[in-house]
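Structural overview for review
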Amino acid sequence: MNMMPLRLLLLIAIGCPGGKESALLCEDPQTILLTDGSNSGFERCADEAVNRVSDQPIDPVNSGPRCVGDEDVQNCSTDADCTEGPHGACIHQEPDGWGMADTAGGPSCSCEYACSKDADCETGAICVPDELSPNATRPVCVPATCDSSEDCSSGECGLSAFHNGCWWVVTAICRDDGDGCHADAECEDACAADTGGEDFVCQTTSCAIGRPLLVEGEARVAGVVQRGDWTTSSAIPLPTPGSCAQLAAYWNRVAALEHASVGSFARFTLQLLALGAPAELLSATQVAAGDEIRHARFAYGLASTFAGKPQGPGPLAMDKAGSSFDPQAVLYGLIDEACIGETLGAAELRAAAELADPTLRGTLLQMAEEEGQHAALAWKSLRWLLQIHPELRPLARQGLEVGMARHRASAHSMAPQPGLERWGVHPAAGEVHLQTLARVVAPVVRALFEEEGASALC
Ligand SMILES: [Fe+2]
Ligand SMILES: [Fe+2]
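First things first, this report covers the structure right here in the doc. (Residues numbered from 1 in each chain as written. Chains lettered and ligands numbered in written order. Predicted model: local features only at pLDDT ≥ 70, side-chain atom pairs only at ≥ 80, totals over all residues. Heavy atoms only, no water.)

This part is about the coordination of the iron ion (ligand 1). Here the iron ion (ligand 1) is held by Glu-292 (OE), Glu-342 (OE), Glu-371 (OE) and His-374 (ND1), and the distances to it run 2.0 to 2.6 Å. In this structure, the iron ion (ligand 1) is surrounded by 4 donor atoms whose angles at the metal cover 71 to 145°, and the resulting shape is irregular. If you list the donors of the iron ion (ligand 1) from N- to C-terminus, the spacing comes out as E-x49-E-x28-E-x2-H. Between the iron ion (ligand 1) and the iron ion (ligand 2), both coordinated by Glu-292, there is a metal-metal distance of 3.7 Å. (Donors = N, O, S within 2.8 Å, 3.2 Å for Na, K, Ca; no water. Tetrahedral: all angles 85-135°; square planar, octahedral: opposite > 155°, others 65-115°.)

This part takes up the coordination of the iron ion (ligand 2). The protein atoms that coordinate the iron ion (ligand 2) are Glu-258 (OE), Glu-292 (OE), His-295 (ND1) and Glu-371 (OE), at distances spanning 1.8 to 2.2 Å. Read in sequence order, the donor residues for the iron ion (ligand 2) give the motif E-x33-E-x2-H-x75-E.

Here we come to the sheet that holds strand β6 (residues 108–113). Read across the sheet, 3 strands follow the order β4-β6-β5 without closing on themselves; strand pairing throughout is mixed. In this open sheet, the two strands that pair with only one neighbour each are β4 (73–74) and β5 (88–93). Where β4 and β6 come together, 2 bridges link them in parallel fashion. By the bridge assignment for β6, Gln-74 is matched with Cys-109. (Pairing = 2+ DSSP bridges. Helix = DSSP H or I, 4+ residues; strand = E, 2+ residues; numbered from the N terminus.)

Further remarks concern the environment of Ser-116. When you line up the elements, Ser-116 lands in the loop between β6 and β7 (125–128). It is 9.4 Å that separates the C-alpha atoms of Ser-116 and Cys-141, two residues lying 25 residues apart in sequence. Once residues within four sequence positions are removed from consideration, Ser-116 is found in contact with Gln-56, Pro-57, Ile-58, Pro-60, His-87 and Cys-127. (Contact = heavy atoms within 4.5 Å.)

Turning our attention to the packing of aromatic side chains. Tallied over the entire structure, the rule returns 3 aromatic pairs. Where Trp-230 meets Tyr-300, the ring centres are 6.2 Å apart and the plane angle is 75°; that geometry is what we call edge-to-face. On the criterion of sequence distance, the pair formed by Trp-230 in the loop between β15 (224–225) and α2 (241–274) and Tyr-300 in helix α3 (residues 279–307) is long-range, its members being 70 residues apart. Residue classification places Trp-230 among the buried residues on the basis of a relative accessible area of 17%. (Phe/Tyr/Trp six-rings, centres within 6.5 Å; stacked < 30°, edge-to-face > 60°. Buried < 20%, exposed > 50% of the residue type's maximum accessible area, 1.4 Å probe, protein only.)

Quick look at the structure:
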């Protein structure tokens, strides 16, 4: 498995910019004409970078398939039903792989709205023709912090279109001399806006189980009970009855850990507040807690399918699970619960997704991407904590060494689980953990402590 995307994501999280120096200059800009010959309002530079120059009128045609009337869910019948926005069309939609209950796992009909100019979009968004917005069948509104070259001191309002491994992310931001790149050719994968939407950086496709709720060193989880409100439907092929029991147990275990992660992030929220953390870390922690609820529901949904009855969490015991606000305790929590564990979880989920049945792959890839973001949040939080408490650096270095050794021993003792890869169980998760420890965690630790040879990583 290619470990580079996850390593780069975490290096960026701890402040290594990634990517190489780039010349900020759009050479030989050419106006991009649409297939009907009209000016798109965008220019293409010699290095293939694309910039927004001005707002130009675009034909708001939706070339997507219209509804035929036999879809499982019909939110509209004809284009005339779509009146909540400009240029509405009633479009046939295939399920997105999440298998969520509201589409019953089958095709549906929904209204889509196109734009013909920026005024059709909400404030903070611009209208981008479908020819410049991958996978779009109509001109679409995308988030933007600039709408023309005049908005940017560099004279370049850059269009960022990046497939993160699961879906396309399109946005427009000013290019500036803080950028790590100008065009895709400078990067292993793509030059695109960073998560904060401030700079162009070399982005990687890192679509990637997660953060335990540790109480006195043990992962605390809720027991499984029969209930239907924690499940989502999934249209997956069933294995033999014997494997069903094994898979139900596996996915119930995953679900319980995902469910408990919500508590871990809640506890971490209180610690961040107590230590005066930046808004960015608090915000990302809330997003992560929401991700874990979705992950838990998906996993309980799979467990329910394999068990043949609805599965969900019982009460989660919270005795002795309270927060310690001592910086050293927060440090140990970050190392034990988050930095190493979330990194290994993201890598394992990504590896499992690559081998899974297509009906599961999309969801597993999205979960892996989100776990990768949780790992990045953990390493970013650790870096921040060590900046405000530099006296903790020796303890952190030691704790990470001990943590890596513990996870290495644990990986060696993980039994292979062959024959269940189609249902999202990696046959050799221990091997994935060992490779991730050596090729991702260890280099990130070296970079964090700026040790000899680490500068080559950044
Ligand atoms: Fe997570
Ligand atoms: Fe998760």
